[in-house]
Amino acid sequence: MEPTLQAMLAAGASFLAVMFISAGIFLLCKTTTTVPPHPDQQPRNRNRNGTHADRDQNCVPITIDESATYDPTLDRISMPELIKATRNFSPNKIVGDGSFGLVYKARLSNGTNVAVKKLSSDAFQGFREFQAEMETLGKNIRHRNLVRILGYCVSGDDRILIYEFIEKGSLDQWLHDTSSSFEEDEEHKIDIHPLSWEIRVKIIRGVADGLCYLHTLKTPIIHRDIKASNVLLDNEFEAHIADFGLARRVNPSHSHVSTQVAGTFGYMPPEYKEGATVATVKADVYSFGILMIEVATGKRPNLPTKIETGKEIGLVPWAQKMLKEKRDLEIVDGSIGKERLKEREIAEFLRIACLCTSEHSKDRPVMGDVVKMLNFFNYIAET
């Protein structure tokens with residue numbers, strides 16, 4: 001065989017050998033299963049959408065599914081159970097519309113009725129408000145006038161809070177629902193009636209006690225959205241403050257928290273309208289004072305009141321005017337029988353409310369003093 005031909009055959013054989021070896025290596029790599037890193041070696045940084053990601057952000061995010069319960073009588077609640085209990089979050093199961101989410105009534109597999117709040121699907125806002133409620137109503141925050149959180153469930157972008165179910169709905173429904181009953185859900189109706197003066201006072205005292213507890217914690221909590229629809233009533237008409245989606249903790253070294261203006265029109269203090277970007281406990285005190293006037297009069301705080309001259313004024317100026325003119329009984333909700341009411345009792349109630357709604361925050365009492373005044377008010381009512 002010619003030397004040139006031998007050289008060409010040898011080169012071709014070498015080339016084919018290299019190609020076969022390369023193809024074998026490629027196929028071996030393609031079929032080899034990648035072993036995931038040990039959990040302790042997983043990247044620990046979590047992005048704001050609730051997913052884990054590598055530091056170089058080049059990997060596909062892993063969705064987190066987790067849940068927890070704070071009530072020893074309940075097992076860990078899963079998303080499939082919540083979907084079943086709410087009939088896939090059926091509109092017929094809606095019992096409320098809280099900040100950043102709808103509230104559903106659900107019966108768990110063990111027979112317990114709970115309120116399920118599904119937070120906004122907006123990834124950033126939903127997660128931030130979820131964190132706010134969890135930090136605020138975690139297992140260490142307990143008071144008889146606060147709605148208890150029983151646990152939470154996270155699945156993908158869904159963030160669910162599970163609360164104790166409060167039987168009689170919101171104070172707003174009892175004050176302003178014009179029908180003789182309202183549907184708690186598709187299965188039950190609650191007959192409503194005008195609240196007596198004694199029950200209204202009891203509700204106000206409960207809200208005051210709950211707020212005082214929040215404001216006097218080692219790290220105080222500002223609710224920032226006290227209003228009638230965020231006060232729930234149990235079978236004994238005991239008040240329970242709900243919906244902590246806007247709540248913020250106050251650093252012990254500060255008297256305020258810097259934040260965006262938040263709250264509900266009619267309940268927000270004057271300083272917010274003037275562009276204040278800080279929230280203090282005195283903002284809650286103002287909202288509480290508005291609630292007192294609303295409970296006494298049955299009037300919504302965001303609607304003006306017409307006086308004798310035909311002029312329309314706000315709820316607070318009207319209450320101050322009536323108190324100054326000693327027309328206390330005239331301010332009371334017309335649905336309440338006034339035969340047994342004591343004028344000095346009504347006057348003291350309105351005096352406290354007007355103090356709480358002082359235009360300047362420094363002139364408003366702290367909730368601890370409000371509780372003391374209401375205790376003295378209770379003494380007046382009993383004598």
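Residues numbered from 1 in each chain as written. Predicted model: local features only at pLDDT ≥ 70, side-chain atom pairs only at ≥ 80, totals over all residues. Heavy atoms only, no water.

Here we come to unusual backbone geometry. Notably, Asn-88 is not glycine yet its phi reads approximately 60°, a positive angle. Along the chain, Asn-88 turns up in the loop between helix H2 (79–85) and strand S4 (94–98). Phi angles above zero are rare outside glycine, and Phe-237 is one such case at about 60°. You can see Phe-237 is positioned in the loop between strand S12 (231–233) and strand S13 (239–241). A relative accessible area of 10% means that Phe-237 is categorised as buried. (Helix = DSSP H or I, 4+ residues; strand = E, 2+ residues; numbered from the N terminus. Buried < 20%, exposed > 50% of the residue type's maximum accessible area, 1.4 Å probe, protein only.)

Mapped onto the fold, Ile-241 is located in strand S13. Residue Ile-241 is classed as buried on the basis of its relative accessible area, which comes to 0%. For the pair Ile-241 and Ser-170, spaced 71 residues apart in the sequence, the C-alpha separation amounts to 9.8 Å. Other than its neighbours up to four places away in sequence, Ile-241 contacts Asn-145, Leu-146, Val-147, Val-207, Gly-210, Leu-211, His-223, Ile-226 and Asn-230. (Contact = heavy atoms within 4.5 Å.)

Take the UniProt feature "binding site: ATP" (unreviewed entry) in the protein chain next. The sites that UniProt annotates as "binding site: ATP" (unreviewed entry) are Lys-118. Within the element layout of this structure, Lys-118 appears in strand S6 (residues 113–119). With near-sequence residues (within four places) excluded, Lys-118 lies in contact with Phe-89, Phe-100, Gly-101, Leu-102, Tyr-104, Asp-158, Arg-159 and Ile-160. (UniProt positions renumbered as here; feature names shortened; annotations may be inferred.)

Take Gly-101: it is sitting in strand S5 (residues 101–107). Residue classification places Gly-101 among the buried positions, given a relative accessible area of 15%. With 58 residues separating them along the chain, Gly-101 and Arg-159 place their C-alpha atoms 9.9 Å apart. Apart from the residues lying within four places of it in its own chain, the contact partners of Gly-101 are Lys-117, Lys-118, Leu-119 and Ser-120.

Within this structure, the stated rule accounts for 3 aromatic pairs. Seen in terms of ring centroids, Trp-174 and Phe-237 are 5.1 Å apart; in terms of plane orientation they differ by 85°. Their pairing is edge-to-face. With Trp-174 in helix H4 (residues 171–176) and Phe-237 in the loop between S12 and S13, this residue pair connects regions lying 63 residues apart in the sequence. No difference in accessibility class separates Trp-174 from Phe-237, as the two residues are buried. (Phe/Tyr/Trp six-rings, centres within 6.5 Å; stacked < 30°, edge-to-face > 60°.)

On to the pattern of salt bridges. Applying the stated criterion across every chain, the model contains 14 salt bridges. Notably, a salt bridge pairs Asp-209 with Arg-144, separated by 4.0 Å at the nearest N-O pair. In this pair, Asp-209 is assigned in helix H5 (residues 197–215) and Arg-144 in the loop between helix H3 (123–136) and strand S7 (149–155), connecting sequence segments 65 residues apart. Residue classification places Asp-209 among the partly exposed residues on the basis of a relative accessible area of 25%. Owing to a relative accessible area of 54%, Arg-144 belongs among the exposed residues under this scheme. Ionic pairing is found between Glu-308 and Lys-321, a salt bridge with its closest N-O pair at 3.4 Å. Here the residue Glu-308 occupies a position in the loop between strand S17 (305–306) and strand S18 (312–313), and Lys-321 occupies one in helix H8 (residues 315–324), the gap between them amounting to 13 residues. Residue classification places Glu-308 among the exposed positions, given a relative accessible area of 53%. Among the charged side chains, a salt-bridge network with shared partners connects Glu-308, Lys-321, Glu-325, Arg-327 and Glu-330. (Salt bridge = Lys/Arg side-chain N within 4 Å of Asp/Glu carboxyl O.)

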